[in-house]
Amino acid sequence: MPIRKELLDELLANYEKPEDLLGDSGILKQLSKALIERSLEGEMTHHLGYPKHSPEGKNSGNSRNGRNPKNIKTGHGELSIEVPRDRNGEFEPVIVKKGQSRFDGFDDKIISMYARGMTVREIQGHLVEIYGVEVSPDLISDVTDGVLEEVREWQNRPLEEVYPIMYLDAIRVKIRDQGHIVNKAVYLAIGVDMDGQKDLLGMWIEREEGAKFWLKVVTELKNRGLKDIFIACVDGLKGFPEAIETVYPKTQVQLCIVHMVRNSLRYVSWKDRKGVASDLKAIYRAATEVEGEAALDAFEKKWDEKYPLISKSWRNNWVRVIPFFAYPEEIRKAIYTTNAIESLNMTLRKVTKNRASFPNDNAAMKLLYLAIRNIMKKWSMPIRNWGAAINQFAIIFGERVPLK
């Protein structure tokens, strides 16, 4: 319903400076207070069945009994209001419920700031500086803890039956555990569905990886409805190949080429990085396994004297690199293009960098989930050239590719 211009002119009649409109005693706060209190009076009239000062209230069995002061936090700051009460104590206001100290939307502001990596102290300072509202650390913790139920539902939601590609990776965070701060890994699984759309299937926090842990993870994925994975692209996760081959025996485990290259360049001086990267590209861009191995031989002769660990790493992992050469270019690009998980990890590291450590696993989980929820909103486009890739999948994997 539009507000009459005459009313607006009347409200702004004495407006001289911004504080008159937006300040602690400005028009907006006064108007909010007046509207809320007027609504509460209307609710009380509806509750009692008669208006204020009406003779109908005589001997009605209940009546108005003054007001209680109440401070409520809003997105525009703290507001002091008067809540009417009845003599029998039966009045249950709707617009500002009993026990309610924050308007809808206020908690969302806290969660939004938390999801962007702001610490509790930073959130407190921001709310005071921008809205003039003081909140306790316990309030912030309670608001963000409310996300944990959403996390549990998300982690247990049903999955698609087939994901042609699944990427697995991990980021490291410090978490307090039994009185000590330890390094733990947060493992992330990104699935690419039949439409080429990315979806984070789940995340798991663990101190030590191994076949037992990974068997639990892949069994969980199967119990949530995931029946088949064509290619699992991983970063040398200990025990993972054995676990996935137990639950998904037809899945091909492919070592992530991006991680292989990055790990190789860790050993290289800045002046040699361009040359080493170019020679590594000759290995993984080779048309066949034979050509790839020949390129590795050439790399070994050229660089082993300065960087012997690089060729050794590729040799040790060669059995997990080989499958890459069996795929056509369209699938190679889909496997190699790990931008999804790379950008995901970059964002997660940004939101965790302000925290020296987390008090427990749940604290880490809720922050990472909120950050991931924001990231996934941007995953609106399928992997590039996915149409060509899925046609190749249909040729290679045949009846395992579901028909629409």
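Values in this document were obtained by computation on a predicted structure and should not be read as measured data. (Residues numbered from 1 in each chain as written. Predicted model: local features only at pLDDT ≥ 70, side-chain atom pairs only at ≥ 80, totals over all residues. Heavy atoms only, no water.)

Q: How should the nonpolar core be read in this particular structure?
A: Taken as a class, soluble globular proteins show a tendency for nonpolar side chains to be buried jointly. In this structure, Met203, Val276, Leu280, Trp314, Leu348, Trp386 and Phe393 are the most contacted members of the largest nonpolar core, which totals 81 residues. No other element matches helix 17 (residues 361–376), which puts 10 residues into this core. Grouped together as the second largest cluster of nonpolar side chains are 26 residues, Leu168, Val217, Val218 and Leu221 included. (Core = buried A, V, L, I, M, F, W, Y, C linked by side-chain atoms within 4.5 Å. Buried < 20%, exposed > 50% of the residue type's maximum accessible area, 1.4 Å probe, protein only. Helix = DSSP H or I, 4+ residues; strand = E, 2+ residues; numbered from the N terminus.)

Q: Help me understand a positive patch on the surface, please; the structure alone is not making it clear to me.
A: Residues Arg116, Lys350, Lys353, Lys377 and Lys378 make up a contiguous surface patch of positive charge. Relative to the assigned elements, Lys377 resides in the loop between helix 17 and helix 18 (386–397). Residue classification places Lys377 among the exposed residues on the basis of a relative accessible area of 62%. (Patch = residues over 30% accessible without salt bridge, like charges linked within 9 Å, V, L, I, M, F, W, Y side chains within 5 Å. Areas by Shrake-Rupley, 256 points an atom, 1.4 Å probe, with all protein chains shown as cover. Salt bridge = Lys/Arg side-chain N within 4 Å of Asp/Glu carboxyl O. Lys, Arg positive; Asp, Glu negative; His and termini not counted. Charge placed at Lys NZ, Arg CZ, Asp CG, Glu CD.)

Q: Just checking my understanding: could you explain the sheet that holds strand 5 (residues 198–206) for this structure?
A: Strand pairing in a sheet relies on backbone hydrogen bonds, with the paired strands running either antiparallel or parallel. In space, the 5 strands of this open sheet follow the order 5-4-3-6-7, with mixed pairing throughout. Looking at the sheet topology across the chains shown, the edges are occupied by strand 5 and strand 7 (252–255). Strand-to-strand, the axes of this sheet are offset by a mean angle of 25°, without reference to chain direction. As paired strands, strand 3 (residues 162–177) and strand 6 (residues 228–234) are joined by 5 bridges and run parallel to one another. (Pairing = 2+ DSSP bridges. Axes fitted to C-alpha atoms, helices over the stretch in contact; angles between N-to-C directions.)

Q: It is not clear to me how helix 17 should be interpreted in this structure. Could you clarify?
A: For an α-helix, 3.6 residues make a turn, and residues three or four places apart therefore share a direction. Compared with the 22 Å implied by 1.5 Å per residue over 16 residues, the 22 Å span of helix 17 between its first and last C-alpha is a close match. Those residues of helix 17 that sit buried are Ala363, Ala364, Met365, Lys366, Leu367, Leu368, Tyr369, Leu370, Ala371, Ile372 and Ile375. (Expected span 1.5 Å × (residues − 1).)

Q: Looking at this model, I keep getting lost on the environment of Val351. Mind explaining?
A: Tracing the backbone shows Val351 in helix 16 (residues 339–352). With 234 residues separating them in the primary sequence, Val351 and Gly117 have C-alpha atoms 3.9 Å apart. With residues near it in sequence (within four places) discarded, Val351 still touches Ala115, Arg116, Gly117, Leu367 and Ala371. (Contact = heavy atoms within 4.5 Å.)

Q: How should I be thinking about the pattern of salt bridges in this particular structure?
A: Between side chains of opposite charge, a pair can form when the charged atoms approach closely. What the rule picks out here adds up to 14 salt bridges. Residues Asp199 and Arg157 are paired through a salt bridge, measuring 3.3 Å at the closest nitrogen-oxygen approach. Separated by 42 residues along the polypeptide, Asp199 in strand 5 and Arg157 in the loop between helix 7 (147–155) and strand 3 bring together distant segments of the chain. For Asp199, a relative accessible area of 22% puts it in the partly exposed group. The exposure class of Arg157 is buried, given its relative accessible area of 18%. The partner of Glu245 in a salt bridge is Arg320, with the nearest N and O atoms 3.5 Å apart. One end of the pair, Glu245, is in helix 9 (residues 240–247); the other, Arg320, is in helix 14 (residues 318–321), and 75 residues separate them in sequence. Look at Glu245 and you get partly exposed, because its relative accessible area is 35%. On the basis of relative accessibility, which here comes to 25%, the residue Arg320 falls in the partly exposed class. Shared partners join several salt bridges into a network, and the residues in it are Glu293, Asp297, Glu300 and Arg315.

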